[in-house]
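Architecture and fold: a report
Single-letter residue listing:
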Amino acid sequence: MATTTHLLTWEEFEQLPDEHLEILEGELITVPPPKSGHSLVAENAAERLRPLKANGAGRILCEAGYKLSEDPATWIQPDVSFLKMERVRATEPNDHFLGAPELAVEVVSPSETAETLNRKIGLLLAGGSLAVWVLYPAHREVRVFLPDGTSFRRGLNDVLTVPELLPGWELPVASLFEGL
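Let me sum up the structure you'll find in this document. Just so we're clear, the structure is a prediction, and the values are computed from it rather than from any experiment.

1. Some points on the nonpolar core
Grouped together as the largest cluster of nonpolar side chains are 26 residues, with contacts concentrated most on Leu49, Leu103, Trp133, Leu135 and Val142. Per-element tally for this core: the top contributor is helix α2 (residues 36–48), with 4 residues. Not counting residues up to four positions away in its chain, the partners in contact with leucine 103 are Leu49, Leu52, Val80, Ser81, Phe82, Ala131, Trp133, Val162 and Leu165. Grouped together as the second largest cluster of nonpolar side chains are 14 residues, Ile121, Leu124, Leu125 and Val132 included.

Structure follows, in structure tokens:
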């Protein structure tokens, strides 16, 4: 993973080529293209979260970017995210989504460092996410991080819920890793 040698401004970041780039507090993070397992898990997550869209509460987005801060410039692109409908409607097509998504889903890749992942989780939660799900394909488990600083692990025999967004809905963790 390459990073910048100096801190970028928001304006410099917007001039970069269209790639999977993130900027964490001014530091440019470039991410190599995902491998097939990563893509399959991300697609599974997006498909399994469709009930959040079906109830009209919001949209499920793949690799949407979120502008969390202008100074220091912070832009994060979760693999999958859920954004409430009122926020979708309030954003013009040529504007950026402001603030973190209500739910962010990150699929861990071998090239991702724990330090970068932890920074992203902290920034997403500080930016307003109600939960960050981190999916570990190699271990077939999910780690859930909440704004109050708590986190917990869910394995293949467990279920995930999002009571703040869809009370009573459950997602079997095993379904996130189908096809691997």
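2. Topic: the pairing of strand β8 (residues 103–107)
Along β8, 5 of the 5 residues are buried, which leaves the element largely enclosed by surrounding structure. Neither face of β8 is exposed, since Leu103, Val105 and Val107 on one face and Ala104 and Glu106 on the opposite face are all buried. Summarising the sheet, strand β6 (residues 80–84) and β8 pair through 3 bridges and their orientation is antiparallel. When the sheet's bridge partners are listed, phenylalanine 82 is paired in β8 with leucine 103. Note that β8 and strand β9 (residues 131–136) share 5 bridges and pair parallel. Counterpart to valine 107 in the pairing with β9 is leucine 135. Taken together, β8, helix α5 (residues 114–126) and β9 form a β-α-β motif whose crossover is right-handed.

3. A short note on the environment of methionine 85
With respect to the helices and strands, methionine 85 occurs in helix α4 (residues 85–89). Owing to a relative accessible area of 16%, methionine 85 belongs among the buried residues under this scheme. For the pair methionine 85 and proline 110, spaced 25 residues apart in sequence, the C-alpha to C-alpha distance is 33 Å. Excluding residues within four positions of it along the chain, methionine 85 makes contact with Gly56, Ala57, Gly58 and Arg59.

Each value, and the rule that gives it
- Residues numbered from 1 in each chain as written.
- Predicted model: local features only at pLDDT ≥ 70, side-chain atom pairs only at ≥ 80, totals over all residues.
- Heavy atoms only, no water.
- Core = buried A, V, L, I, M, F, W, Y, C linked by side-chain atoms within 4.5 Å.
- Buried < 20%, exposed > 50% of the residue type's maximum accessible area, 1.4 Å probe, protein only.
- Helix = DSSP H or I, 4+ residues; strand = E, 2+ residues; numbered from the N terminus.
- Contact = heavy atoms within 4.5 Å.
- Pairing = 2+ DSSP bridges.
- Right-handed = clockwise from strand over helix to strand, strands pointing away.

Don't take any of this as a statement about function, it's just geometry.
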